[in-house]
Amino acid sequence: MAENFAGKYQFWVDRGGTFTDIVARKPDGSLVTHKLLSENPQRYQDAVVAGIKEILGIGGNEPIPENCISEVKMGTTVATNALLERQGDRTLLIITKGFKDALRIGYQNRPDIFAQEIILPSLLYERVIEAEERYSAQGEELQPLQLEPLQAALQQAYQDGIRSCAIALMHSYRYPKHEQQIAELAAQIGFTQISTSHQISPLMKLISRGDTTVVDAYLSPILKRYIDKVAQELYGNHTPRDGVSSPPQNLPKLMFMQSNGALTNAQNFQGKDSILSGPAGGIVGAVKTSQQAGFDKIITFDMGGTSTDVAHYNGEYERQFETEIAGVRMRTPILSIYTVAAGGGSILVFDGFRYRVGPQSAGADPGPACYGGGGPLTVTDCNVMLGKIRPEFFPQVFGPQANLPLDAEVVKTKFNQLAADITQATGDPRQPEEVAAGFIAIAVENMANAIKKISLQRGYDVSEYTLCCFGGAGGQHACAIADTLGITRVFIHPYAGVLSAYGMALADVGNIREKAIEAPLNEHLLADITPVLADLETEMRSELDPHNFPNDIVFYRANLKYQGTDSTLTVPFSRQVEPMKAAFETEHRTRYGFIKNDKQLIVESVSVEIVRQMENPPKPYYLVATINPLPLLPPSQFLPTKNGNKPPYFPEIFYSQEMN
């Protein structure tokens, strides 16, 4: 099953908002890590390519030698940043006549019900064309598609410079003929990105299906250009698109992490699947390494420079099939990750009355004050002020030449000034260290509340879980978070600072495909669903590389809900009603505290997931910490660290063990 990578490098990359993390497997099998700023325009154009070249020991302007790299697996925030900053491609929306404003109106929900001024998020599409066509919900063609007026409108949009279009018609998730005809017309005119809703999100609900299609059309061109740029560096004189689609055997395999936690080949990486590309690698890395250490109930705690991501794991990855990110609704499988704007780079603010942490971030440029780039005070600076971060032990990657240490003097100066401002405004004298500790306490509370939302508020006893701590800033706050929540065990992997990148190495290749059903659960329906699942599986296998993967793992699932409700729960698909009903009721009772025996169950949709297990790197040492020293293993099994002593940080509660 595994390919032979002897004599070549393998690179696993997470391009985050502040730092780009790289873990490389050298030809001799040893692992090396590297970290550099995601944005440093004075030194390089792209952090990923620059980091790979630095590990290979070649100059920034030199080409990457052929035959030295076997694979590059990466998660990227390129599409996420484009969505947040509204920097995607100009996009055209084609929708059924009479529904021009449907996506603008949306569901009319109000996240802040007491807000007097409602600020709607900006739309991703620039222009709307109404197509004269209509299918009924039963498949009757009420209005044939009128191509002539549509062609003129499409031609005008093309002449105006729009090259990306999203097509979302009424009931096209079941009756896609009109969407297919419009897509053919758009291709003839010359549109380079054409996203159709029956392919992107073949599910009910025009609003979420249309939004997902627009997101894909808006972001996919950005991704393609970035992929081509990376491929050009990797493949040299080979045409980027040809190289990405089917690289010759001696060229690197380029793969990307999807939001659902599985890797895919570069040519199959789409905008709708890229939003949580980087954080998904962290979840996979946390789960896989925790399982290797013997833990099965896990709260993942990923604190980076810009934000903190937390997730819950109890035997299987939790996924959301409908979510809202940056004001945009999407209906596509993504790992269930809760994010708060509290990272190492979160900016500290005193507004005259109270302390606030974030949500604004100093990012990589200028970065926190200690980076020496003229940035504001941040959570990282608090840790420098309190001595939790020692500049002499921190990577010297700052300054114009990326060779300077953290600037602790600037931090002290700014905290002295802030303490003076607080004293003047409140009349309450504060020492700089007290101010820093106060901001840390607020950040810890924000992150602890995020974990409560995914655990306690959903019926899980968090004290039974292990806190898997990672991310560049995670180790500085893990014990405080655990103490706040009553968690007694913290798991720290040797690569915790770059675990999102290491997770790319541990992830498997796979994908998920869905199909709308929307029918009452009964034995006859299950018999009808079986061939639907078989068709989905066949369709997915045709897109995956058939070589070197003789044994696939296939999961069949169904999304169930009570009749008259919108909240679905995912259960394993069975050919019998009772196992599915029992699984649904168990999950419903855990989540909501009750069940309704008199309510009919509805199968909203079904999904197929194919997982192709990849070769994993060798397992390194790991560290386990307990807040209250608990014997996780018999004392005879505790082994010393490589230097023969217990790690110095918490002498009585840290141990290391080599994993077999």
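Everything numeric here is computed off the predicted structure, so don't read it as measured data.

The next subject is the side chain of Asn559. For Asn559, the location among the structural elements is in strand 25 (residues 553-562). Looking at Asn559, its side chain comes within polar contact range of the side chain of Ser605, at 2.8 Å. Ignoring anything within four residues of it in the chain, the contact list for Asn559 reads Phe321, Glu514, Thr568, Leu569, Thr570, Ile602, Val603, Glu604 and Ser605.

A separate point is empty space enclosed by the protein. One pass over the structure, following the stated rule, counts two cavities of 30 Å³ or more. Considered as a void within the structure, the second largest cavity measures approximately 50 Å³ in volume. Contributing to the lining of the second largest cavity are Ile283, Thr300, Ala311, His312, Tyr313, Glu316, Tyr317, Glu318, Leu335 and Ser336. Broken down by element, the residue count for the lining of the second largest cavity peaks at three residues, all from strand 14 (residues 308-314). Its residues assigned to classes, the lining of the second largest cavity comprises five nonpolar, three polar and two charged.

With that settled, the discussion passes to helix 9 (residues 277-292). For helix 9, with 16 residues, the first-to-last C-alpha span of 23 Å sits near the 22 Å given by 1.5 Å per residue. Remark: Gly294 follows helix 9 within two positions and exhibits a positive phi of approximately 95°.

Bringing the pairing of strand 14 into the picture now. Counting buried positions over the seven residues of strand 14 gives six, a clear majority of the element. Sheet topology note: the strand 13 (residues 297-303)/strand 14 ladder contains seven bridges and is antiparallel. Within strand 14, the residue paired with Met303 across the bridge is Thr308. Linking two consecutive strands that pair antiparallel, namely strand 13 and strand 14, is a turn of four residues. Inspection of the sheet shows strand 14 paired to strand 19 (residues 338-340) by three bridges, in the antiparallel sense. The residue bridging Thr308 from the neighbouring strand is Val340, located in strand 19.

Moving on, we get to the layout of surface pockets. Empty space within the second largest pocket amounts to approximately 940 Å³. Around the second largest pocket sit 43 residues that line it, and Gln199, Ile200, Gln270, Arg513 and Glu543 are the ones nearest its centre. Listed by contribution, the elements that provide at least two residues to the lining of the second largest pocket are strand 10 (193-196), helix 6 (197-200), helix 7 (206-235), strand 24 (509-520) and helix 15 (523-543). Split into classes, the residues belonging to the lining of the second largest pocket amount to 14 nonpolar, 16 polar and 13 charged.

A word on the sheet that holds strand 9 (residues 164-168). Ordered by their spatial adjacency, four strands build an open sheet running 6-5-9-10, and the pairing between neighbours is parallel. Each edge of the open sheet carries a strand with a single partner, namely strand 6 (127-131) and strand 10. Recorded for the sheet is a direction-independent mean angle of 20° between the axes of neighbouring strands. Docked against the sheet, helix 4 (residues 147-159) engages strand 5 (91-96) and strand 6, running at close to 165° with respect to strand 6. Strand contacts of helix 7: strand 5, strand 9 and strand 10, with the helix running at about 160° to strand 9, the strand carrying the most contacts.

The next thing to look at is the pairing of strand 1 (residues 9-15). The buried fraction of strand 1 amounts to seven of the seven residues, a majority that puts the element mostly inside the structure. What you see with strand 1 is no split at all: Tyr9, Phe11, Val13 and Arg15 on one side and Gln10, Trp12 and Asp14 on the other are buried throughout. Across six bridges, strand 1 lies against strand 2 (residues 19-25) in antiparallel orientation. Paired with Gln10 across the two strands is Arg25, which belongs to strand 2. Counting the residues between successive antiparallel strands, the hairpin from strand 1 to strand 2 contains three residues.

Regarding helix 13 (residues 478-485), the residues found buried are Ala478, Ile481, Ala482 and Leu485. Taken end-on, helix 13 shows its buried residues confined to a sector of 95°, consistent with a single buried face. The secondary structure elements touched by the buried residues of helix 13 are strand 13, helix 12 (432-454), strand 22 (466-470) and strand 23 (489-492). Phi for Gly486, located one or two positions after helix 13, is positive at around 80°.

Definitions and cut-offs
Residues numbered from 1 in each chain as written. Predicted model: local features only at pLDDT ≥ 70, side-chain atom pairs only at ≥ 80, totals over all residues. Heavy atoms only, no water. Helix = DSSP H or I, 4+ residues; strand = E, 2+ residues; numbered from the N terminus. Polar contact = N/O pair within 3.5 Å; in protein donor to acceptor, adjacent residues only side chain to side chain. Contact = heavy atoms within 4.5 Å. 1 Å grid on protein atoms, 1.4 Å probe; cavity = no way out; pocket = protein on both sides within 12 Å on 5 of 7 lines; lining within 4 Å. Points joined across faces, edges and corners; volume = space filled by probe spheres on them. Nonpolar A, V, L, I, M, F, W, Y, C, P; charged D, E, K, R; others polar. Expected span 1.5 Å × (residues − 1). Buried < 20%, exposed > 50% of the residue type's maximum accessible area, 1.4 Å probe, protein only. Pairing = 2+ DSSP bridges. Axes fitted to C-alpha atoms, helices over the stretch in contact; angles between N-to-C directions. Arc of directions from axis to C-beta.

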